[in-house]
Structures are given as structure tokens and as C-alpha cells.
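What follows is each chain in one-letter form.
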Amino acid sequence: MLKSLAALTAALLLAGCTAAPAAPTASTAPTSSVGSSSQSPSAGPTATPEPTPSASLLVVEVSLKGGKTTPNGDRLTATKGTILRLEITSDHDDEVHVHGYDVEIPVTAGTTVKKEITLDQVGRFEIESHEPALTIVQLVVS
Amino acid sequence: MTPLLVPLHGLGSRQDLPLPLPAAVGAAVLVLLLSFAVLALAWREPRWDGVAGGRALPGLTRLVDARWFRGIVAALGVFAFTWVGAALWFGRDRVTNPVFGFTYVWLWVGLVPLSLLFGPLYRLANPLGRLARLLQLAGLPAGGLRPLSRETWKRLGAFPAAVGLLGFSWLELVQPDNNTLAVLQGWWLALVGAVIGGTVLFGRRWVAAADPFQAYAVLVSRASPWQRVDGVVHLVNPLRHLSTARTPAGTWAVVAVLLGGTAFDGFTSTSWWVRTTQSSGLPRELWGTLGLLGMVALITLTFALGVRGIGRLRPAGPLNLLAASVIPIVIGYAVAHYLSLLVLEGQRTLINLSDPLGLGWNAFGTAELGISPLWLDTPVVTSTVQLLAIVGGHVIGVLVAHELALRVLPVGRRLTGQVPLLLVMIGYTCGGLLLLFSP
């Protein structure tokens, strides 16, 4: 931060505006960077038998290992009504907190915990682990 | 970082903008340039030249100066802080404790609309001010035990409050356990200690110089339509208010901390920041502390560069004078970043306030209320409000800067002298929009 202060100043003053179109490409597309997540138009095979016809499923595989998280704070976008399925594997006991929805998911070491949440509120929500406190995903529902 | 607060920061995203981000940024820049062009042609002489004025309201003045009115506002303040203080010391250490929402949302965010609409009411409601008065009534000399000279007070200005505001920004944005009672108790103890301790030493005037919330409220109230002129409350043009209000020494530091803090808050929710800080071996608090200080330094540096065109920085006269033009930008940033937080978490706080100790009370009948998203479940409305707040704040900033610059610039340099500050404000606009809306 500090070392690039001068550069940032210049960027803010001069290049900030012209650089605007490039800004979105600076970060990787959320879905590809998560890798193991997939968004299918119809409900996945293990989903409840009769979801609303239009509901799509967003699967996010989360791995908490050695104090690191994958995905690592990526931004995911979803439309309202999507069903989010978290599949969490951890090497320690932890808690995953989906803010805004106020869902707490207890996680036990060595097992995979699955949790489905219907994304019925719009906004930006963080999905966080607690031990240590890490942002796994920033979820944008619109 | 702050489970209670972070989820709702900056609702809406790039995708929800009514127009693509580059177009929004381009339009914002164009609006600023056009405003300046119009000013250059149509606003050639200082309009108010530092003279406050408007419509005198003697009736309203009598009302707000009446003992009973001041008593009621002060009593409300004392009651609110006592209620929340009970939650702070005797409540349960969980997110439903209303002290968190009261401190971070009602007070920190709510002060902005309150002071913008009603002026510096917080000065009356601030229980620390009442406590300082009590100390005086109990025999503390007016100037405290170690009176300061007039000159020292003048130099001190708002600097102590700027330090307090930086401390609060650090608590809100960096401190990892800021949603625990122990940390919040520590903060409030430190704040009350600093304000009341200073009052004992230097007298009652210290409260206005050092209380960060009061300083923030007073700063924002300079953009309100209410201004005292020769003791009488006037209904005034907020532009005139901004360009005629007294800005004490250190006002530049206050606006830099506020603007830098909000910008840093936006910066920490970019995925770049999250990824980088989480992948590094360094502790988050270190990143956060350096990031916050860096952002405040960046704002200070750019603002000083912009003001250089208008006058020499020493003495700091032009810095403080022109700081008034940053006030609407601070307000615009606050609205863009925190309005959704105020609406949603503000309602949650109202619900929690009925049960301060976690005993199942429903003292105000609000415990069973639900949270209405109002307009916030329409993302395009949210983003449009954010966009307008940022751009509107800067346009007003440019107007006020123009009026102030005309007052101090020699006739030959009236336009060229303003160009650096204009560029800085354009930079702030772009930066603000990119922080809010880029991924």
C-alpha cells in the first residue's frame, strides 16, 4: 500500500478515469477463479426433487486448510432466487458464517459439510470462516 | 472482520448500475468539468465573500435557545447513552446487544443525516458536554486546572477530534474483535477518559475540540440549511453556509480522516484487497492499519497538492478554508457507502434496543418488529442513489471550492489557480466510483 502510494496518487489523479474500462478485467472472473463451482440452469441431481422451476443452483466447494481458504475472497454473483450449495471441507473444527442470511454452519475436521441456502435477499454478503477469520467469498445477489 | 456490519456495506454492485461503469465514470467527470465551465463563465466574483446570511428566524431561535427545549434534548441524550451504556456494561456479549448497532450505525452513520437536516443538535444531546458542565457547576474552574492560552486553543482547533476520529475509524475498520463487548468497552472508556480528562485539565472547551462524534456532527452541520448569524438562527443556502462557516485549525485533518476512512472501507471490500491480505503471511491488523493510514495520507497529500494552486500551505489558512469544500464530498461518500447500512442495520438496532440486557424485554415495543428493506431490494435504485451521492457531493464541492478560491485568489489567477483542486476532485470522484462499483 505505502510503497505504491506515489503511483496510486498519480493513478488517481491522472489515469484513474481513463483506466476505468480496464478495471473490471483486472480481477479474474468469479466463476472461473473458483474453479470447482458450477452454475447449472436446472437443479442438480442431489437437489430437492421439486424446486421452483426457475431456481438455479450455485455450487461452491470450500476448502479450509492450514489457515488458508479456497476460494480466497472471490466475488461471486448470483441472481435472486438461486439456491446456493456450500460444500465445505476443513482440516479443523470451524464455523462458516453467511452474513446477512445469518446462517452459521458448524464444520467438523475431515468431513464435508453441505448446506443449501435460497438466496432470497439482494445485496453483498460475506461468507466467512471464524478460525481464523477469513473471507471465503463475497456473494453478490441481485 | 465485523460480522455485524460488513455484510451490508455498499449494497449493490457494478452490475446493478443504471449504466456501465466506464460510462458512469465518464459522465461524472463530464458533469464536474461542465460545472466548472459554467462557474468560470457565470460566477466570476465571490458571491458571499465570507458574509453569512439568509432568512432570520427569531421564533425558531427562541425555541432552540429555550431552557426547556435544551433540557429535553440533553435529557434525551443522557437517557439514550445511559440505556446503551447499561447494554455495554451489563448486556450480553452477542451481536443482538444494541450497543454495537448504536455505536457503529446510529451514532457513526446516523449523525450524518441528523446533522445535515437539523444542524448541530448533537452538541446539545452529547452527554459528555453535560458531564463537563456538571464538573464546572461542581467547582471546576472554567479553564480547567491547567488553562490554555487563546493562541493554543486556536492552534489546537479540531486536531484532537481528528485523532479521535482516526481512532474510531481504526476500531470500526481494522480492529478484528470490534464486535465484542470487551473491545467496545475499552473504546468507550478511552473516549470518555480522553474527553473528560481533558476537560478537567483544560476546561469545558475541550469537549468541542476533542469529542470525535461532536466534531463530526458539527462538521456535517456546516452543510445544513440552519446557520447562526450573530446569534440568530437563519435559514440559509447550504452552499453559502459551507462557504461562510468558520473552519478551525485542523479541519483539513478531520475531512482527510473521514474521507480516507470511507475510501479505505470501500478498498477493503475489493477482492484484490481480500485476496492479497489473506494470502500474505502478515497479520490482517497490520495490513489494515497501514492501509487506513495510507489512505488518509493519500487524501491529505492530494488535497494539499490541489490547494497549493490556491495559496501557500503555510500558514495552513487555505488548507482549512478549502477543507469546507470537502465536507459535501465526505457526506456524499458516507451516503453512498453507508445509507443501506443505516436503513437495514438501523432497523435491527431499533429492534435490539428494546432488550438491552438480553433478558427478553420489549421496553419500547420494537422487539417484534421486522426489518423492511424499503427500496434496497431494488439494486438499481440503490446504485443510482450511490452514484448521485458521489457525483452530487463532488459537484457541490466544486461550487464551494470555487466561491472560496475567488475570495483568496488574486484576480489574474482566479481560474488557473483552481485547476489543481478541480483535478483532485475529479480524481476523488473517479476513485470513489471505482471503489464502490468495481469488482
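Before reading on, note that the structure itself is shown above.
Attention in this report is confined to the structure presented alongside it.

Cut-offs applied
Each chain carries its own residue numbering, running from 1 in the direction its sequence is written. To read the labels, note that chains go from A and ligands from 1, taken in the order they are written. The model is predicted, so local features are restricted to residues of pLDDT at least 70 and side-chain atom pairs to those at 80 or more, both for listing and for counting; the totals for chains, interfaces and linings are taken over all residues. The basis for every side-chain value is the complete set of heavy atoms in the structure, and neither hydrogens nor water enter the calculation. Strands are runs of DSSP state E lasting at least 2 residues, helices are runs of H or I lasting at least 4, and numbering of each runs from the N terminus. Our radius of gyration looks at C-alpha atoms and nothing else; its globule reference is 2.2 Å times the residue count to the power 0.38. The buried label goes to any residue with under 20% of its type's maximum accessible area, the exposed label to any with over 50%, and the partly exposed label to all in between, with areas taken from a 1.4 Å probe on protein chains only. Throughout, a residue-residue contact means that at least one pair of heavy atoms, one from each residue, lies within 4.5 Å. Under this rule, positive means Lys or Arg and negative means Asp or Glu; His and the chain ends count for nothing. Throughout, a charge is located at the NZ atom of Lys, the CZ atom of Arg, the CG atom of Asp or the CD atom of Glu. Patch construction takes residues with relative accessible area above 30% that form no salt bridge. Like charges are linked within 9 Å, and nonpolar side chains (Val, Leu, Ile, Met, Phe, Trp, Tyr) are linked within 5 Å. Reported accessibility uses the Shrake-Rupley method at a 1.4 Å probe radius. Residues are deemed covered only where the shown protein chains occlude them. The term salt bridge refers to a side-chain nitrogen of Lys or Arg lying within 4 Å of a carboxyl oxygen of Asp or Glu. A pair of strands is labelled paired if DSSP reports no fewer than 2 bridges between them. Think of each axis as a best-fit line through the C-alpha atoms, taken over the contacting stretch in the case of a helix, with angles from 0 to 180 degrees between the N-to-C directions. Note on terminology: angles under 35 degrees are roughly parallel, angles over 145 are roughly antiparallel, angles of 65 to 115 are roughly perpendicular, and the others are oblique. A crossing counts as left-handed when the near helix is turned anticlockwise from the far one by less than a right angle, and as right-handed when that turn is clockwise. Throughout this description, the term nonpolar core refers to a set of buried Ala, Val, Leu, Ile, Met, Phe, Trp, Tyr and Cys residues connected via side-chain atoms within 4.5 Å. Counting of polar contacts relies on pairs of N or O atoms within 3.5 Å, with two restrictions inside protein: one atom must be capable of donating a hydrogen and the other of accepting it, and residues adjacent in sequence are counted only when both atoms are side-chain atoms. Throughout, the ten residues Ala, Val, Leu, Ile, Met, Phe, Trp, Tyr, Cys and Pro are labelled nonpolar, Asp, Glu, Lys and Arg are labelled charged, and all others, Gly among them, are labelled polar.

## Thoughts on the overall build of chain B
The helix and strand inventory of chain B stands at 20 helices and 3 strands. Taken against the 2.2 N^0.38 rule, which gives 22 Å for 439 residues, the C-alpha radius of gyration of chain B at 22 Å falls within 12% of a compact globule. The principal-axis extents of the C-alpha atoms in chain B amount to approximately 65 × 55 × 45 Å. Put simply, chain B has 439 residues, and 57% of those count as buried. The contacts of chain B with a sequence gap of at least 6 include a subset with a gap of at least 24, amounting to 81%. In chain B, which carries 31 positive and 17 negative side-chain charges, the distance between the mean positions of the two groups comes to 12 Å.

## Quick notes on the overall build of chain A
Of regular secondary structure, chain A possesses 3 helices and 10 strands. Overall, chain A shows an N-to-C arrangement of helices and strands of α-α-α-β-β-β-β-β-β-β-β-β-β. Across the 142 residues that make up chain A, the buried fraction comes to 45%. Across chain A, the fraction of contacts at a sequence separation of at least 24, relative to all contacts at a separation of at least 6, is 58%.

## Examining a positive patch on the surface
Residue and element names in this part refer to chain B. A contiguous patch of positive charge on the surface is contributed by Arg150, Lys154, Arg205 and Arg246. Positionally, lysine 154 belongs in helix H8 (residues 150-156). For lysine 154, a relative accessible area of 61% corresponds to the exposed category.

## Describing the sheet that holds strand E9 (residues 123-130) of chain A
Residue and element names in this part refer to chain A. Taken in spatial order, the 5 strands line up as E4-E10-E9-E6-E7 in an open sheet, and their pairing is mixed. Unpaired on one side and paired on the other, strand E4 (74-78) and strand E7 (103-107) mark the two borders of the sheet. Within this sheet the neighbouring strands show an average axis-to-axis angle of 20°, counted without direction.

## Quick word on the sheet that holds strand E3 (residues 232-235) of chain B
All names here are of chain B. Spatially, the 3 strands line up as an open sheet ordered E1-E3-E2, and their pairing is antiparallel. This sheet does not close on itself; its edge strands, each paired only once, are strand E1 (55-56) and strand E2 (226-229). Direction of pairing for E2 relative to E3: antiparallel, over a ladder of 4 bridges. Paired with arginine 228 across the bridge in E3 is valine 233. Where helix H2 (residues 58-65) meets the sheet, it contacts E1, E2 and E3, and its direction lies at approximately 130° from that of E3.

## Structural notes on the pairing of E9(A)
Across a regular strand the side chains alternate sides, sitting on one face of the sheet and then on the other. All names here are of chain A. When you tally the buried positions in E9, you get 7 out of 8 residues, the bulk of the element. One ladder, built from 8 bridges, connects E9 with strand E10 (residues 133-141); its direction is antiparallel. The partner of glycine 123 across the bridge, within E10, is valine 141. Linkage of E9 to E10, two consecutive antiparallel strands, is achieved through a turn of 2 residues.

## A look at the packing of helix H16 (residues 284-308) of chain B against helix H20 (residues 419-437) of chain B
All names here are of chain B. Following both chains from N to C, one finds H16 and H20 inclined at 150°, their axes separated by 6 Å at the closest point. When the axes of H16 and H20 are compared, the pair comes out roughly antiparallel. Handedness of the crossing formed by H16 with H20: left-handed. Contacts between H16 and H20 involve Ile299, Thr302, Phe303, Leu305, Gly306 and Val307 from the first element and Pro420, Leu421, Val424 and Tyr428 from the second.

## Looking at the nonpolar core
In this structure, Leu184(B), Phe213(B), Tyr216(B), Phe303(B) and Leu322(B) are the most contacted members of the largest nonpolar core, which totals 113 residues. Those residues in contact with Leu322(B), other than ones at most four positions away along the chain, are Phe303(B), Val307(B), Ile310(B), Ala401(B), Leu404(B) and Leu421(B).

## Focus on the environment of Thr366(B)
Considering the arrangement of structural elements, one finds Thr366(B) in the loop between helix H18 (327-353) and helix H19 (379-408). Considering only alpha carbons, one finds Thr366(B) and Leu350(B), 16 residues apart in sequence, at a separation of 6.6 Å.

## So, the side chain of Arg124(A)
Within the secondary structure, Arg124(A) is located in strand E9. It is Glu126(A) that comes nearest to the buried, bridge-free Arg124(A) among opposite-charge side chains, at 5.6 Å. Of note is the side chain of Arg124(A), whose polar atom sits 3.1 Å from the side chain of Ser269(B).

## Some remarks on the pattern of salt bridges
Going through the model one piece at a time under the given rule, you end up with 6 salt bridges over all chains. Notably, a salt bridge pairs Asp65(B) with Arg70(B), separated by 3.3 Å at the nearest N-O pair. Taking the relative accessible area as the measure of exposure, Arg70(B) reaches 34% and is therefore partly exposed. It is possible to trace a salt-bridge network through shared partners that takes in Arg85(A), Glu87(A) and Glu116(A).

## Concerning the packing of helix H14 (residues 251-268) of chain B against H16(B)
All names here are of chain B. Running from N to C, H14 and H16 point in directions that differ by 130°, and their axes come no closer than 8 Å. In terms of axis orientation, H14 runs oblique to H16. Both H14 and H16 take part in a crossing whose hand is right-handed. For the pair formed by H14 and H16, the contact residues are Trp252, Ala256, Val257, Leu259, Gly260, Gly261, Ala263, Phe264 and Phe267 on the first element and Gly288, Gly291, Leu292, Met295, Val296, Ile299, Thr300 and Phe303 on the second. The class makeup of the residues in the contact of H14 with H16 is 12 nonpolar, 5 polar and no charged.

## Points about the pairing of E10(A)
All names here are of chain A. Counting buried residues in E10 gives 8 out of 9 residues, a clear majority hidden from the surface. Alignment of E4 against E10, held across 5 bridges, turns out to be parallel. Bridged to arginine 75 within E10 is glutamine 138.

## Considering unusual backbone geometry
The omega torsion across Thr70(A) and Pro71(A) is -10°, close enough to zero to call that bond cis. With an omega of -5°, the peptide bond between Glu131(A) and Pro132(A) qualifies as cis. A positive phi is found at Asp49(B), a non-glycine position, where the angle reads about 50°. Among the secondary structure elements, Asp49(B) is positioned in the loop between helix H1 (21-42) and E1. Judged by its relative accessible area of 47%, Asp49(B) falls in the partly exposed class. For Leu374(B), which is not glycine, the phi torsion reads 50° and is therefore positive. Note that Leu374(B) resides in the loop between H18 and H19.

Note that every value here comes from positions in space, so none of it alone points to a role or purpose.
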